[in-house]
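This is what each chain is made of:
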Amino acid sequence: MSVDTEARPSGRHAAGPPGSQSTMLRKTGDWARRAPLLPALVFMIIVTQLPFVVTIITSFMDWNAYYPDERGFAGIDNFRRVLTDANTRQAILVTILLTAAVVLISLLLGLGIALLLDRRFRGRGVVRTMMITPFLVVPVAAALLWKHALYNPEYGLFNGLLTWIFGDNAPQPDWISNQPLWSVIFALVWQWTPFMMLILLAGLQSRPLDVIEAAGIDGASQWDIFRYMTLPHLRQYLELSALLGSIYVVQNFDAVFTITSGGLGTANLPYTIYQTFYTAHDYGRASAAGVIVVIGTIIIATFALRSVSSLFKEESR
């Protein structure tokens, strides 16, 4: 009996050298699968990346439409002007306050509504559908609704309720003039609370119910279950809701533009960029401010993606 001492080719080398026919066929198959995605990739690059590249280039230029002959390279002067300008610093502060207030209030209301909707009751599906309706309204339409149907001092719903409760001598405040920033905040809270509620409701429905039932049988109160079991389980969902909400609210333009037109100290950074670009026609400084907003959004989005990845890791365990 003869023993074949020649080594058999392993599966890794069976495909042949890089230039072999099987390797070429495999590469052809890979490109055939990727080819349908190329038009979408090219479209995304043209629509999103090219304008951003132009914005970055413009942010380093001294470009004001009122002084066309003075156009040139400005270096980091535009960024220095953005960060040292008093109006821009005020806009940054308003943006931080607006974002923090909307996200925090929406989180608290969304958590409360999610806890209520997690219970079983008749018509729960209908109530859930109605609760997410504000999030589906077009932002400009929602802002117009709050400005005219609710805040208007002459025919708005809020003053109408005051008259119905306290009679003809009831106060009729001008809500937008008296509390301009809170007027914008409440309109945004109404729109973003359903978003927070959906994420937190998904987190509530992923709880281990057998463990919660066992804790109840052992004598734990509802507050103890919520404090020591539900809240720790919802921590990552709360973080994700806050981060995603911050990404969108920090870029909000519709509510500020529609309700207050940026007046009365409510001009946030996106509205200030709009004024710098379309009113002052200072394209360089507006582009620099836009780049700063994008960098801040990317930083927030990075934390959001980490939260999402950690959620997927926990679900896969």
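Thresholds applied
- Residues numbered from 1 in each chain as written.
- Predicted model: local features only at pLDDT ≥ 70, side-chain atom pairs only at ≥ 80, totals over all residues.
- Heavy atoms only, no water.
- Helix = DSSP H or I, 4+ residues; strand = E, 2+ residues; numbered from the N terminus.
- Buried < 20%, exposed > 50% of the residue type's maximum accessible area, 1.4 Å probe, protein only.
- Contact = heavy atoms within 4.5 Å.
- Areas by Shrake-Rupley, 256 points an atom, 1.4 Å probe, with all protein chains shown as cover.
- Expected span 1.5 Å × (residues − 1).
- Bend = angle between axes of the 7 residues up to and from the residue.
- Core = buried A, V, L, I, M, F, W, Y, C linked by side-chain atoms within 4.5 Å.
- Salt bridge = Lys/Arg side-chain N within 4 Å of Asp/Glu carboxyl O.
- Axes fitted to C-alpha atoms, helices over the stretch in contact; angles between N-to-C directions.
- Parallel < 35°, antiparallel > 145°, perpendicular 65-115°, else oblique.
- Left-handed = near helix turned anticlockwise from the far one by under 90°.
- Nonpolar A, V, L, I, M, F, W, Y, C, P; charged D, E, K, R; others polar.
- Patch = residues over 30% accessible without salt bridge, like charges linked within 9 Å, V, L, I, M, F, W, Y side chains within 5 Å.
- Phe/Tyr/Trp six-rings, centres within 6.5 Å; stacked < 30°, edge-to-face > 60°.

**With respect to the overall build of the chain**
Counting its secondary structure elements, the chain contains 15 helices and 2 strands. The proportion of buried residues among the 317 residues of the chain is 34%. If you take every contact in the chain between residues at least 6 apart in sequence, the share linking residues at least 24 apart comes to 68%. With an accessible surface of roughly 20,100 Å², the chain has 66% of that area assigned to carbon and sulfur atoms.

**Let's talk about helix 10 (residues 180-205)**
Since the α-helix packs 3.6 residues into each turn, any two residues three or four apart lie on the same face. Between its first and last C-alpha, helix 10 extends 38 Å over 26 residues, near the 38 Å set by a 1.5 Å rise per residue. Of all the bends found along helix 10, the most pronounced is centred on Trp192 and spans about 35°, while Pro194, a proline, follows it within four residues. Counting buried positions along helix 10 yields 19 of 26 residues, so the element is predominantly enclosed.

**Concerning the nonpolar core**
Most often, soluble globular proteins have nonpolar side chains that are buried together. Counting 37 residues, the largest nonpolar core has Leu98, Val102, Val184, Leu188 and Ile259 as the members making the most contacts within it. At the level of elements, helix 4 (86-117), helix 7 (139-150), helix 10, helix 12 (222-249) and helix 13 (254-260) are the ones that each hand at least two residues to this core. At 13 residues, helix 10 tops the list of elements feeding residues into this core. If we skip the residues at most four places from it in the chain, Leu98 touches Leu181, Val184, Ile185, Leu188, Val249, Val256 and Asn268. Among the nonpolar cores identified, the runner-up in size contains 10 residues, and Ala91, Ile273, Ala286 and Ala289 belong to it.

**What about the side chain of Ser241?**
Tracing the sequence through the fold places Ser241 in helix 12. Judged by relative accessible area, which is 0%, Ser241 ranks as buried.

**Section: the pattern of salt bridges**
Per the counting criterion, the structure on display carries 5 salt bridges. Where Arg80 meets Asp77, a salt bridge forms, and the shortest distance between an N and an O atom there is 2.5 Å. Linking Arg80 with Asp77, this pair stays in helix 3 (residues 77-84), spanning 3 residues, or about one helical turn. Residue classification places Asp77 among the partly exposed positions, given a relative accessible area of 37%. Two residues, Arg235 and Glu239, come together in a salt bridge whose shortest N-O distance is 2.9 Å. Highlighted residues: Arg235 and Glu239, both in helix 12, separated by 4 residues, approximately one helical turn. What makes Glu239 partly exposed here is its relative accessible area of 32%.

**Regarding the environment of Ala65**
The residue Ala65 is located in the loop between strand 1 (61-62) and strand 2 (72-73) in this model. With a relative accessible area of 36%, Ala65 lands in the partly exposed category. Contact partners of Ala65, with chain neighbours within four places excluded, come to His281 and Tyr283.

**A closer look at the packing of helix 7 against helix 10**
Between helix 7 and helix 10, the shortest axis-to-axis distance is 10 Å and the interhelical angle comes to 130°. Taken together, the axes of helix 7 and helix 10 are oblique relative to one another. Remark: the crossing between helix 7 and helix 10 carries right-handed chirality. Facing helix 7, whose interface residues are Pro139, Ala142, Leu145 and Trp146, helix 10 presents Phe186, Ala187, Trp190 and Gln191. Classifying every residue of the contact of helix 7 with helix 10 gives 7 nonpolar, 1 polar and no charged.

**Structural notes on a nonpolar patch on the surface**
On the surface, Trp31, Leu38, Leu41, Val42, Phe43, Met44, Ile45, Ile46, Val47 and Leu50 cluster together to form a nonpolar patch covering roughly 950 Å² of accessible area. The biggest single contributor to the nonpolar patch is helix 2 (residues 38-59), with 9 residues. Tracing the sequence through the fold places Leu50 in helix 2.

**Observations concerning unusual backbone geometry**
The phi angle at Ser261 is positive, at roughly 55°, despite the residue not being glycine. For Ser261, a relative accessible area of 40% corresponds to the partly exposed category. Despite not being glycine, Leu264 shows a phi value in the positive range, around 60°. With respect to the helices and strands, Leu264 occurs in the loop between helix 13 and helix 14 (269-278). Overall, the relative accessible area of 57% leaves Leu264 in the exposed class.

**Some details on the packing of aromatic side chains**
Each pair of aromatic rings is reported with the distance of its centres and the angle of its planes. Counted under the stated rule, the structure contains 22 aromatic pairs. A ring pair is formed by Phe277 and Tyr283, whose centres lie 4.7 Å apart and whose planes are at 40°; its orientation type is tilted. Using a relative accessible area of 18% as the deciding quantity, one classes Tyr283 as buried. Three or more aromatic residues joined by ring pairs make a cluster, and in this case those are Trp63, Phe253, Phe257, Tyr271, Tyr274, Phe277, Tyr278 and Tyr283.

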